[in-house]
Amino acid sequence: MLRKLKQLLGLEKNVDQEKRTSLFKERYATFNDLLQCNSNLATIIASMEAVLRGERNADVNQIRKDARQAIIECERMATCLNDISEKNHDDLVEAVKHLGKEIENQLEQHNLGDVKDLTLALADIDASLTYAVGGKSANLGEISNVLGIQVPRGFAITIQAGVLHLLRTSGLFKKIHSILRAVDPEAPQSIHAASTEIQNMIIEAKVPSDVENHLLKRWDLTFGQDDVVCALRSSAIAEDGVQSFAGQYATLLGVRRNKFIAAFKQIIASLFSERALTYRSNHGFRLEAQGMGVLCLEMVSAYAAGVCYSRHPLDLRSNCVLINGVFGLGEMVVDGSGTPDMWLFARTDQVISEKKIACKREKIVLDVTGAECVQKRVPVEQALQNTPCLTDTQVATLGRIALQLERHYQYPQDVEWAINPQGELLILQTRPLRMESAATDLNSPELADLSPIAQGADCAARGVACGKIVAFDPEKGVSDFPEGGVMLLKHSSPLAMVALNKACAVIAEIGSMTGHMAILCREFGVPCIMNLPDIAQQLSPGQLVTVDALAGRIFAGEIPELLSLAIKKEAPKEDTPALMLLKRIAPLILPLHLVDPNSELFQAQNCTSLHDCMRYCHEFSYNAMFQISDDLADGSDHGAALKLACPIPLDLYVIDLGGGLSPTTKRVAHREDITSLPFTELLNGMLDPAVQAKGPRPINMKGFLSVMGQSMIGGNNSVGERFGDHSYAIISDRYLMLSSRVGYHYAVLDTWCGNTLNKNYIRFEFSGGAASNERKERRIRCIGIILSTLGFTVEAEGTRLKARFQKYAKEATQERLVQMGRLLIMTRQLDMLMVNEESVQHFANNFLEGRYH
């Protein structure tokens, strides 16, 4: 076995155990990278399949982006596999490259040319320049120049300016790439640390002098000598497309010329904000974002502002435009911190069909009197608090503009607007509206026999969910937000984005259907209800509730009548350009032909899709890692290993790859020192009092004599050698490889257990024994019955067994690891008890029924 390790790792004979451990850690890091790429690629494939099924919208740019990202992830997987298997898979690398070229040939060509200008006047921009200035700037230029809609004065900073800032600062781009490659998307603290470090580096770096001079010259050309105060808005490449990115990037208000360059750097840095990194990770985008443009607009000293939806975002049968507004700046509508006035404007009759005027006690204004421009909340005049912030004429004008924008873009629009002190209506931005699909066809049952805890809430994202209440403060982070919790917020906030993928529902005391939080909840499919004052006082942390975001209610406990409701999505039109493009490239990405690893056809040259390559790579990566980790444990020198002081019948040494043990200077590890999740669960099974022997194990004398006889006459040659009595556990926070060796028995368990379902697996091998082959084979069949019943895929041949359990949720993987711990204890000397065929099923049944002796 030691010779095999040297061949695998290229070690000389005198290389010690610590050197082998160090080399294995490098391989482990590569394996971890491979698993992450596998997860990313699986997300992209699932997204494309959802588009084909009509469950998700996508534009042409998004399809191109996803396809190219799929190629990148697959190429990385193939490279990682090659690295951990001593370049045994060059043929796979070539297969992926070939498929990548074919896919690229199918994709439509990029927009003509690259814009080299660092800035462009709004008068020179339309939607065709999205790739150069980002979605927000392109849309505003489009509606101004093509539709003649009034917008504020301003200009666009192109993607090129931000790229030059990153590339010309020595080592900055390389450092950013290195930090992002080390991010673990499952660990919020990892994302937080990377985000903080990268943003600080970008903000501290000096903007190249020619870039700075160009930006300041454009400011002067646009605004002249006026003491202008501007808003700088992010305008990323993927922003304001069908994937909303609502609220994930920075907007800076009150920027004067002397703060312009510093504000520009802050906007560029927001590409790597914690919220933006989490959003991209959850939606399958690369963490290394493509680029950031900036929209620089003269700030409107708004008398009133808000948001307008050209269609009702929740009620598809509504024939109305939905308008929300408040006095002052529109931030209270966008961030959900205030309750706005609401109007419904009929699309056909073009009249106001409904209005609800809120009590608006506060407004946000921009104070420009000092050296620094600041936003502040001020009281609304008493006489205006219950007065509409828009006249009926202004509502009608805004409604007609919304319909004009929808007709132009051939898609419902989400529009931000403002009224200046002169009473003029200005459009600040427009983007595709995230729609609830056919959700409105569902109606909640009345449930007359049940009294809700609360009712009358606004349904910001429709659906039903059940979970335990978790009071959540977005400002304090998400490291401890539990999976499946009901998020309880004082008021809605896009900062909650970083925990939204864990929440099953959201309850906000204050919020707006047109705010970022509502948009994100609809995008993530998380039911969300808002505007239930003091609801936090009626709910307790840990309380189980059912959130009915179809009727705006909360019930105590689990309500099956509500949870049975399902929302079905509408299929997209067959002739959309995005769908046509996807159908052309789908055969090269989505189909899975390599399904049987034991088939002669399971070879790299038979990979005809990226999914095939992914499946092939996934299969052989486990085999390669399994072999390397097994061989690492084969050696008499314990090196960096710590002896485990634990009442289990194994002489077990632990090698920590990072995060598997609490820091210690001792050479002995105790159970309480273990922080590795899979190792903890395995030990829980091994130390289960029910499985621990309470006395001498009953041994069949005939079986015992068989064992002794086989040992004396050398009947164990088929095993190869006596394995020795040392066992090893190689661990990290979510990884475990256990090599268990007791006499002639040999077992290896290799597992990953974390929050990402596609990464999780358990692989197990068992062989050896000192009894006759007949008894050893019976034991293998007994173990096979147990593992098959537990959901493992089992391969048994003679006296050797292989089993695997993969792509299950963390909880299911944890449960199996506990059972594996029990099984490892029970199967010791089990071959002595395999006296006849009846023993096989008898002991399997005993184990499955919890009788371990």
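Along each chain, residue indices are assigned from 1 in the same order as the chain's sequence is written. Reporting in this predicted model follows two pLDDT cut-offs: at least 70 for local features of residues, and 80 or more for side-chain atom pairs to be given and counted; totals over whole chains, interfaces and linings ignore these cut-offs and use all residues. For side-chain calculations, the full set of non-hydrogen atoms in the structure is used, while hydrogens and water are omitted.

Asks: Teacher, can you tell me more about the overall build of the protein here?
Replies: Here a helix means four or more residues in a row that DSSP labels H or I, a strand means two or more in a row labelled E, and each is numbered from the N terminus. Assigned secondary structure in the protein consists of 24 helices and 30 strands. The contact criterion used throughout is that any non-hydrogen atoms of two residues lie within 4.5 Å. Taking all contacts inside the protein whose residues are at least 6 apart in sequence as the whole, residues at least 24 apart take part in 67%. Areas reported as accessible are Shrake-Rupley estimates using a 1.4 Å probe. Residue values count occlusion only from the protein chains shown. Total accessible area computed for the protein in this model is approximately 35,300 Å², and 50% of it derives from carbon and sulfur atoms.

Asks: How do you make sense of empty space enclosed by the protein when you look at a structure like this?
Replies: Think of a ball as big as a water molecule: rolled over the atoms, this probe shows where empty space is left. A cavity here means a set of 1 Å grid points, computed over protein atoms only, where a 1.4 Å probe fits but cannot escape. A pocket is an open set with protein on both sides within 12 Å along at least 5 of 7 lines, and lining residues have an atom within 4 Å of a point. Grid points are joined across faces, edges and corners, and a volume is the space filled by probe spheres set on the points. One pass over the structure, following the stated rule, counts four cavities of 30 Å³ or more. Here the largest cavity is characterised by a volume of approximately 210 Å³. If you go around the largest cavity, you meet 21 residues; those closest to its centre are Arg-233, Met-299, Leu-329, Glu-331 and Leu-428. When residues of the lining of the largest cavity are traced back to their parent elements, those giving at least two are β3 (230-236), β5 (292-298), β6 (304-309), α13 (331-334) and β12 (413-419). When grouped by side-chain class, the residues that make up the lining of the largest cavity number 15 nonpolar, two polar and four charged. The nonpolar class holds Ala, Val, Leu, Ile, Met, Phe, Trp, Tyr, Cys and Pro. Asp, Glu, Lys and Arg form the charged class, and all remaining residues, Gly among them, are polar.

Asks: Just checking my understanding: could you explain the sheet that holds strand β8 (residues 341-346) for this structure?
Replies: Backbone hydrogen bonds hold the strands of a sheet together, and the pairing may be parallel or antiparallel. The antiparallel open sheet is built from six strands, whose spatial order is β9-β8-β7-β6-β12-β13. The open sheet is flanked by β9 (352-356) and β13 (425-432), the only strands paired with a single partner. The average angle at which neighbouring strand axes cross in this sheet is 20°, direction not considered. The pairing criterion is simple: DSSP has to find at least two bridges between the two strands. Summarising the sheet, β6 and β12 pair through six bridges and their orientation is antiparallel. Residue pairing for β12: Cys-308 is matched across the bridge by Val-415. Orientation is described by lines fitted to C-alpha atoms, with helices fitted over the stretch in contact, and by angles between N-to-C directions that extend from 0 to 180 degrees. Set on the sheet, helix α14 (residues 392-409) makes contact with β6, β7 (320-327), β8, β9, β12 and β13; between it and β13 the angle comes to about 35°.

Asks: Explanation requested: helix α24 (residues 837-848) in the structure shown.
Replies: Quick reminder: α-helices carry 3.6 residues per turn. Residues three or four places apart thus point the same way. Taking 1.5 Å of rise per residue, twelve residues should cover 16 Å, and α24 covers 18 Å from first to last C-alpha, within 8% of that figure. Type-normalised accessible area, obtained with a 1.4 Å probe on protein chains alone, sets the label of each residue: buried when under 20%, exposed when over 50%, and partly exposed for intermediate values. Buried residues of α24: Ser-839, Val-840, Phe-843, Ala-844, Asn-846 and Phe-847, and no others. One side of α24 holds all its buried residues, which, seen down the axis, span an arc of 160°. Structurally, α24 contributes buried residues whose contacts are with α22 (773-789) and α23 (810-826). Measuring from the backbone nitrogen of Glu-838 back to the side-chain oxygen at the start of α24 gives 3.2 Å, which picks out Asn-836 as the cap. One less than the number of residues in a helix, times 1.5 Å, gives the span that helix is expected to have. The arc under discussion is defined with respect to the helix axis, by the directions toward the C-beta atoms. Polar contacts here mean pairs of N or O atoms no more than 3.5 Å apart (in protein, one a potential hydrogen donor and the other a potential acceptor; neighbouring residues in sequence count only if both atoms are side-chain atoms).

Asks: Would you explain the packing of helix α6 (residues 135-145) against α14 in this entry?
Replies: Helix-helix packing is described using two parameters, namely the angle between the two axes and the distance between the axes. Look at α6 against α14: their axes get within 12 Å of each other, and the N-to-C directions meet at 110°. By the angle class used here, α6 and α14 are roughly perpendicular. When α6 is examined against α14, the residues Asn-139, Glu-142 and Ile-143 are found in contact with a partner set consisting of Leu-405, His-408 and Tyr-409. Split by residue class, the contact of α6 with α14 holds three nonpolar, two polar and one charged. For classification purposes, angles smaller than 35 degrees are called roughly parallel, those larger than 145 roughly antiparallel, those between 65 and 115 roughly perpendicular, and all remaining angles oblique.

Asks: Sorry if this is basic, but what is going on with the side chain of Glu-509 here?
Replies: For Glu-509, the location among the structural elements is in strand β18 (residues 505-510). Residue classification places Glu-509 among the buried positions, given a relative accessible area of 5%. One polar contact links the side chain of Glu-509 to the main-chain amide nitrogen of Ile-535, over a distance of 3.3 Å. Not counting the four nearest positions on each side in its chain, Glu-509 is found in contact with Leu-489, Lys-490, Asn-531, Leu-532, Pro-533, Asp-534, Ile-535 and Ala-536.

Asks: What is the right way to read the environment of Ala-182 from this model?
Replies: Here Ala-182 shows up in the loop between α8 (172-181) and α9 (188-204). On a C-alpha basis, the gap between Ala-182 and Asp-33 in space is 8.4 Å, while along the polypeptide they are 149 residues apart.

Asks: What's the story with the environment of Asn-773 in this structure? I'm lost.
Replies: Tracing the chain through its elements places Asn-773 in helix α22. Classification of Asn-773 by relative accessible area gives partly exposed; the value is 37%. When the C-alpha positions of Asn-773 and Gly-798 are compared, they lie 7.9 Å apart, and in sequence the two are 25 residues distant.

Asks: Would you mind showing me how to read unusual backbone geometry here?
Replies: Trans peptide bonds make up most of the peptide bonds, and negative phi angles are found at most residues other than glycine. Non-glycine residue Asn-531 carries a positive phi angle of around 65°. For Asn-531, the location among the structural elements is in the loop between β19 (528-530) and β20 (544-548). One non-glycine residue, Asp-534, lies in positive phi territory at about 60°. Residue position: Asp-534 is located in the loop between β19 and β20. Since its relative accessible area comes to 42%, Asp-534 is described here as partly exposed.

Asks: Any chance you could explain the nonpolar core here in plain terms?
Replies: The nonpolar side chains of a soluble globular protein tend to be buried, and buried together. What we call a nonpolar core is a set of buried Ala, Val, Leu, Ile, Met, Phe, Trp, Tyr and Cys residues that are connected through their side-chain atoms within 4.5 Å. Membership of the largest hydrophobic core comes to 51 residues, with the highest contact counts inside it found for Leu-644, Ile-648, Phe-679, Leu-682, Leu-749, Phe-764 and Leu-787. No other element matches α23, which puts seven residues into this core. Apart from residues no more than four positions distant in its own chain, Leu-644 is found in contact with Leu-652, Val-654, Ala-669, His-670, Ile-674, Phe-679 and Leu-683. By size, the runner-up hydrophobic cluster in this structure holds 50 residues, among which are Ala-460, Ile-469, Met-487 and Leu-532.

Asks: What am I meant to see in the packing of aromatic side chains here?
Replies: The geometry of an aromatic ring pair comes down to the distance between the two centres and the angle between the two planes. Here a Phe, Tyr or Trp ring, Trp counted by its six-membered ring, pairs with any other such ring whose centre lies within 6.5 Å, and the pair is stacked when the planes are under 30 degrees apart, edge-to-face when over 60, and tilted otherwise. Applying the stated rule across the entire model yields 14 aromatic pairs. Arranged with centres 6.0 Å apart and planes meeting at 90°, the rings of Phe-155 and Phe-260 form a pair that is edge-to-face. Within this pair, whereas Phe-155 is found in strand β2 (residues 154-157), its partner Phe-260 is found in helix α11 (residues 260-269), the two being separated by 105 residues in sequence. As far as burial versus exposure is concerned, Phe-155 and Phe-260 are alike and both buried.

Asks: I keep staring at the packing of helix α7 (residues 159-168) against α11 and nothing clicks. Help me out?
Replies: Between α7 and α11, the shortest axis-to-axis distance is 11 Å and the interhelical angle comes to 85°. Our classification of the angle between α7 and α11 gives roughly perpendicular. Each of Ala-161, Gly-162, His-165 and Leu-166 in α7 lies in contact with α11, whose residues at this interface are Phe-264, Lys-265 and Ile-268. Looking at the contact of α7 with α11 residue by residue, the class counts come to four nonpolar, two polar and one charged.

Asks: Can you walk me through the confidence of the model for the protein in this structure?
Replies: Predicted coordinates in regions of low pLDDT should not be interpreted in detail. Known as pLDDT, the predictor's per-residue confidence is scaled from 0 to 100. Per-residue confidence for the protein averages 79 on the pLDDT scale, and 80% of its residues sit at or above 70. Within the protein, helix α21 (residues 701-712) has the poorest average pLDDT of any element, 39, and β2 the best, 95. Taken together, the stretch residues 109-113 has pLDDT below 50 and engages in six contacts with residues farther than four places along the chain or on a different chain. Every residue in residues 566-575 is under pLDDT 50, and counting partners more than four places away or in other chains gives 22 contacts.

Asks: Please clarify how α14 should be interpreted in this entry.
Replies: Here α14 spans 26 Å end to end across 18 residues, near enough to the 26 Å set by a 1.5 Å rise per residue. Taken residue by residue, α14 has Gln-394, Val-395, Ala-396, Leu-398, Gly-399, Ile-401, Ala-402, Leu-403, Leu-405 and Glu-406 as its buried positions. Backbone geometry just downstream of α14 places Gln-410 in the positive-phi region, at approximately 55°.

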